[in-house]
Each structure stands twice: as structure tokens, then as C-alpha cells.
Amino acid sequence: VHSGKPDRAKQGLPPAGRHGQMRKHKMEALMWWIVAAVVLGGTAIALQAPINAALSRELGGPVPAAAVSFGVGFIVLLAIAFVQGQGGAFLKLPQVPAWTLIGGCLGAWYVLTSVWGVSQLGVVTLVAALILGQMTAAMVIDATGALGVTAREITPTRIASAGLVMAGLLLSRV
């Protein structure tokens, strides 16, 4: 029997009532755990650059240091994939579109420029420059819906946030 009320699930809404409120709070709590994990990822980026720069000094160059950093990261991620039971995913590698492998090249560029730049710029300026680059690229990707993401409007507030990061980058050199 149909009540005549719209189906909340078809509208992408949680169920009405107490159960729906509990689900909403759980989703909000999960979102904050994800934000905390990403903040720790940002902390890792700030730590990674000077650690890799020290490795570069020990090895005598930024390229070998970046390669070793990637190698260690590869081993760690490979182990995690197998522990989580996802080892079979690597068998799909020959079928993935070639362009999706460019992420590894971009990661190599990031690590290499970080190793190279941190000694000259310092960690604060390096991270500010990285964030400005990320925000600029992110706005282009959001605006165009490139790489399979949902297109999002670039608002004056978003542009201002990138401007504030640029101001922070400039101030970090004063």
C-alpha cells in the first residue's frame, strides 16, 4: 500500500525519525574521522620532505632519495593490500587505462620537488607552495569535472581561499 508520501530513500535522504537522525550523526562522525585522517596525512607530508632531504644528503642526490622513498612506500602499501585481502586487485593492472598510471609519475614529481625544494625554501614555504598548487589544480578540476569528479561551482569564497594561501606563501618568505 502506497501512502502517497515521497520515498525518502529514492530522494537520497535518510529515513525520517529517530533512526534517520542516528544515521545522520554516524555519517557526520565518520566525516570528522576522515578529516582527522587527512590532517594526519598533511602532517606526514610536512615530515616527509625534511626526512627525504636528509636521505638525499646521505645518498648524494634527490633522485635516489625519491626512488628509495617510493620503494619503501610501495613495499608498505603492498603489504597492507595483502593483509587486507586485496592482493588479487593487482591482477587487474593490465586492464586499467594507461592514463590512470600517471598518478605515480605525479607522485614522483611531488616527492622529487619536495626533496629538492625543502632545503632551499624551508618546510613552511614548501608546504604553502604545495597547498597553493593543490588548490589551483583542484579548482580547475572541480570547475571542469575533469578526471571523473563531479563538477562543482568555483565561488568567490573558494577563489578567496586560494588567495589567502597565496598570501600565506608570500608571507612565509618575509
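Each remark here, short or long, concerns the structure printed above.
Predicted model only: the values in this text are computed from it and were never measured.

Asks: Describe the nonpolar core, with residues and values.
Replies: Counting 5 residues, the largest nonpolar core is built from A49, A53, V118, L126 and L130. For this core, the elements supplying multiple residues, two or more each, are α1 (18-59) and α4 (123-144).

Asks: Report on a nonpolar patch on the surface, specifying residues and quantitative values.
Replies: Among the surface-exposed residues, L59, V68, V72, V76, L77 and I80 lie close enough to one another that they form a single nonpolar patch of about 510 Å² accessible area. Per element, the largest residue contribution to the nonpolar patch is 5 residues, and it comes from helix α2 (residues 62-83).

Asks: I'd love a proper account of the packing of α4 against helix α5 (residues 156-171), names of residues and values included.
Replies: Close contact between α4 and α5 brings their axes to 9 Å; oriented N to C, the two are set at 160°. Comparing the axis directions of α4 and α5 gives the class roughly antiparallel. The handedness of the crossing between α4 and α5 comes out as left-handed. For the pair α4 and α5, the contacting residues are T125, A128, A129, I131, L132, M135, M139 and D142 in the first and R158, I159, S161, A162, V165, M166 and L169 in the second.

Asks: So what about the side chain of S114? Which residues, and what values?
Replies: The topology assignment puts S114 in helix α3 (residues 102-121). Here the side chain of S114 touches Y110 through a polar contact of 2.9 Å, landing on its backbone oxygen. The residues contacting S114, other than those within four sequence positions of it, are A49, L126 and L130.

Asks: Lay out α5 in plain terms, naming residues and giving numbers.
Replies: With 16 residues, α5 should reach 22 Å at 1.5 Å per residue; the first-to-last C-alpha distance of 22 Å fits that figure. Of the residues making up α5, those classed as buried are A162, V165 and L169. Buried residues along α5 cover an arc of 55° about the axis, so they all sit on one side. Exposed and facing more than 90 degrees away from the buried side of α5 are P156, T157, L164, L170 and L171. On the buried face of α5, the contacting elements are α4.

Asks: Any chance you could break down the layout of surface pockets for me, citing the residues and the numbers?
Replies: Its volume calculated, the largest pocket comes out at about 450 Å³. Along the wall of the largest pocket there are 15 residues; nearest its centre are L106, Y110, G133, Q134 and A137. When residues in the lining of the largest pocket are grouped by element, the largest group, 7 residues, is from α3. Residue composition of the lining of the largest pocket, grouped by class: 10 nonpolar, 5 polar and no charged. Taken as a whole, the second largest pocket encloses approximately 350 Å³ of empty space. Lining the second largest pocket are S69, F70, G73, F74, L77, L78, F90, L93, L101 and G104. At 6 residues, the largest contribution of residues to the lining of the second largest pocket is made by α2. Grouping the amino acids of the lining of the second largest pocket by side-chain chemistry returns 7 nonpolar, 3 polar and no charged.

Basis of the calculations
- Residues numbered from 1 in each chain as written.
- Predicted model: local features only at pLDDT ≥ 70, side-chain atom pairs only at ≥ 80, totals over all residues.
- Heavy atoms only, no water.
- Core = buried A, V, L, I, M, F, W, Y, C linked by side-chain atoms within 4.5 Å.
- Buried < 20%, exposed > 50% of the residue type's maximum accessible area, 1.4 Å probe, protein only.
- Helix = DSSP H or I, 4+ residues; strand = E, 2+ residues; numbered from the N terminus.
- Patch = residues over 30% accessible without salt bridge, like charges linked within 9 Å, V, L, I, M, F, W, Y side chains within 5 Å.
- Areas by Shrake-Rupley, 256 points an atom, 1.4 Å probe, with all protein chains shown as cover.
- Salt bridge = Lys/Arg side-chain N within 4 Å of Asp/Glu carboxyl O.
- Axes fitted to C-alpha atoms, helices over the stretch in contact; angles between N-to-C directions.
- Parallel < 35°, antiparallel > 145°, perpendicular 65-115°, else oblique.
- Left-handed = near helix turned anticlockwise from the far one by under 90°.
- Contact = heavy atoms within 4.5 Å.
- Polar contact = N/O pair within 3.5 Å; in protein donor to acceptor, adjacent residues only side chain to side chain.
- Expected span 1.5 Å × (residues − 1).
- Arc of directions from axis to C-beta.
- 1 Å grid on protein atoms, 1.4 Å probe; cavity = no way out; pocket = protein on both sides within 12 Å on 5 of 7 lines; lining within 4 Å.
- Points joined across faces, edges and corners; volume = space filled by probe spheres on them.
- Nonpolar A, V, L, I, M, F, W, Y, C, P; charged D, E, K, R; others polar.

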